[in-house]
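Spelled out, the chains give:
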Amino acid sequence: MEATARAIPVGGVPVPGHPAEIRFEHVTYHYPDRERPALDDISLTLSAGTVVALVGTNGSGKSTLVKLLAGLHKAQAGRILWDKVDLAEADRDQVFSHIALLDQSFARWPFTAETNLAIGKPARVPEPEQLAAAAAFSGADAVINALPHGMKTLLALQFRGGSELSGGQWQTIGLSRTRYRDASLIIVDEPTSALDPEAEIACFEKIRRLRSPTTTVVLVTHRMAAVQHADLIYVLHEGLLVEQGTHQELLADKAGRYHRMFQSQADQYISGTDGTVPGQQNHPATADQQGPVDR
Ligand SMILES: Nc1ncnc2c1ncn2[C@@H]1O[C@H](COP(=O)(O)OP(=O)(O)O)[C@@H](O)[C@H]1O
Ligand SMILES: [Mg+2]
């Protein structure tokens, strides 16, 4: 009996590859050495085929939420459901295989450009056409074409014949890798810190385009101009989910935190540029096109 039990491979409950819905139900997460929970009784829903933004100031709990969503931390209270499967009981390898997590660091592998694109799907033999399409998606094709050996260039300066890329160039590689990988949940946690405002907006546009009917995109940022086109925006503050809605809905609440954050970043940009005091009807499009500077 015991032998049989042990023979069952350590796995867990199979998870749906393309869940229609991922749901947080009263999720709390507390780092052991902290007084306050990083996430406090969070309930929210991510629907397949949507772009969902998580916004909030530094320390509001965005990255912690992402780690729970990706199965990297376990909720201490509440549940995270992939359709009907509780993530706590799910087969972790399966979960990981469906998630692409793109964060600040944009993994830089000391391998060839080709391997850097294909590494998200290690089991697959790289298919040149799909790799090329993925590279073209983000502009990585131009970066790669300029390399001495194209796709076969080693991206590591410390090796003979290797080349090094800039932060922005690595980001195009990271985006293309995500595209190639074809995950059902793409989580992007503040990937734009190395970009200037124009490049940031282009980057977010590409990230939004990673959405498909079966792919949910979760965009995490403290930059308000980047999230206007999300289907749904969740606003976190000190571990609490304080507001949710579309950009228009949230902006309409003049007493709300979203409105205040958006306005203050748009104001920062405008007053920083021409020194004028921004008017009340600071049109959202202004902030989107030009991007607030909040560094
Ligand atoms: N590894 C950690 N250990 C202890 N506290 C942490 C850790 N990571 C984050 N925190 C704390 O949890 C809270 C939320 O952090 P985080 O989720 O990183 O917020 P955000 O991504 O919105 O900036 C903050 O108070 C932060 O200091
Ligand atoms: Mg963070």
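Residues numbered from 1 in each chain as written. Chains lettered and ligands numbered in written order. Predicted model: local features only at pLDDT ≥ 70, side-chain atom pairs only at ≥ 80, totals over all residues. Heavy atoms only, no water.

> Give me the sheet that holds strand 5 (residues 85-86): which residues, what numbers.
Strand pairing in a sheet relies on backbone hydrogen bonds. The paired strands run either parallel or antiparallel. Ordered by their spatial adjacency, 4 strands build an open sheet running 2-1-4-5, and the pairing between neighbours is antiparallel. For this open sheet the edge positions go to strand 2 (39-47) and strand 5, each flanked by a neighbour on one side alone. Pairing of strand 4 (residues 77-82) with strand 5 involves 2 bridges; the strand directions are antiparallel. Residue L81 lies in a different strand from strand 5, and its bridge partner there is D86. Across the sheet, helix 2 (residues 62-69) lies against strand 1 (21-29), strand 2 and strand 4, angled at about 120 degrees from strand 1, the strand it touches most. (Pairing = 2+ DSSP bridges. Helix = DSSP H or I, 4+ residues; strand = E, 2+ residues; numbered from the N terminus. Contact = heavy atoms within 4.5 Å. Axes fitted to C-alpha atoms, helices over the stretch in contact; angles between N-to-C directions.)

> Quick rundown of helix 2? Include the residues and the values.
Of all 8 residues in helix 2, 6 are buried; the element is thus mostly enclosed. Those residues of helix 2 that fall on the buried side of the exposure criterion are K62, T64, L65, V66, L68 and L69. (Buried < 20%, exposed > 50% of the residue type's maximum accessible area, 1.4 Å probe, protein only.)

> Which residues make up the site of ligand 1, and what are the values?
Neighbouring ligand 1 are Y31, D33, R34, A38, T57, N58, G59, S60, G61, K62, S63 and T64. Between G61 and ligand 1, the recorded distance is 3.1 Å, taken from a backbone N or O atom to an oxygen atom. Expressed as a share of its isolated accessible area of 560 Å², the protein-covered part of ligand 1 is 68%. For the shell around ligand 1, the per-class residue count stands at 2 nonpolar, 7 polar and 3 charged. (Near = heavy atom within 4 Å. Polar contact = N/O pair within 3.5 Å; in protein donor to acceptor, adjacent residues only side chain to side chain. Areas by Shrake-Rupley, 256 points an atom, 1.4 Å probe, with all protein chains shown as cover. Nonpolar A, V, L, I, M, F, W, Y, C, P; charged D, E, K, R; others polar.)

> Tell me about the side chain of S60, and please be specific about residues and values.
Within the secondary structure, S60 sits in the loop between strand 3 (51-55) and helix 2. Accessibility expressed as a relative area gives 1% for S60, which makes it buried. Separated by 2.7 Å, the side chain of S60 and the backbone oxygen of T57 make a polar contact. Those residues in contact with S60 that sit more than four places away from it in its chain are A38, L236, H237, E238 and G239.

> Help me get a handle on the side chain of D91, residues and values and all.
Relative to the helices and strands, D91 resides in the loop between strand 5 and helix 3 (92-98). Within the structure, D91 has its side chain in polar contact with the backbone nitrogen of D93 (distance 3.0 Å). Ignoring any residue separated from it by four or fewer positions in sequence, one finds D91 in contact with G11, G12 and V13.

> If you had to explain the packing of helix 5 (residues 128-138) against helix 7 (residues 167-181) to someone new, which residues and values would you point to?
Viewed as axis vectors pointing N to C, helix 5 and helix 7 meet at an angle of 135 degrees, and their least axial separation amounts to 8 Å. Compared by their axis directions, helix 5 and helix 7 come out oblique. For helix 5 against helix 7, the interelement crossing comes out right-handed. The segment helix 5 lies against helix 7, with Q130, L131, A134, A135, F137 and S138 engaging T172, L175, S176, R179 and Y180. Taken together, the residues of the contact of helix 5 with helix 7 sort by class into 6 nonpolar, 4 polar and 1 charged. (Parallel < 35°, antiparallel > 145°, perpendicular 65-115°, else oblique. Left-handed = near helix turned anticlockwise from the far one by under 90°.)

> So what's going on with the environment of Q94? Residues and values would help.
In this fold, Q94 is placed in helix 3. Overall, Q94 belongs to the partly exposed group, its relative accessible area being 27%. For the pair Q94 and V15, spaced 79 residues apart in sequence, the C-alpha to C-alpha distance is 6.7 Å.

> Give a detailed account of the packing of aromatic side chains, specifying residues and quantitative values.
Inspection of the entire model under this criterion finds 3 aromatic pairs. For the ring pair Y29 and Y31, a centre distance of 5.0 Å and an interplane angle of 85 degrees mean the geometry is edge-to-face. In this structure Y31 comes out as partly exposed when scored by relative accessible area, which is 25%. Seen in terms of ring centroids, Y258 and F262 are 6.4 Å apart; in terms of plane orientation they differ by 15 degrees. Their pairing is stacked. In this pair, Y258 and F262 are both assigned in helix 10 (residues 257-274), 4 residues apart and thus about one turn of the helix distant. There is no split in this pair, since Y258 and F262 are both buried. (Phe/Tyr/Trp six-rings, centres within 6.5 Å; stacked < 30°, edge-to-face > 60°.)

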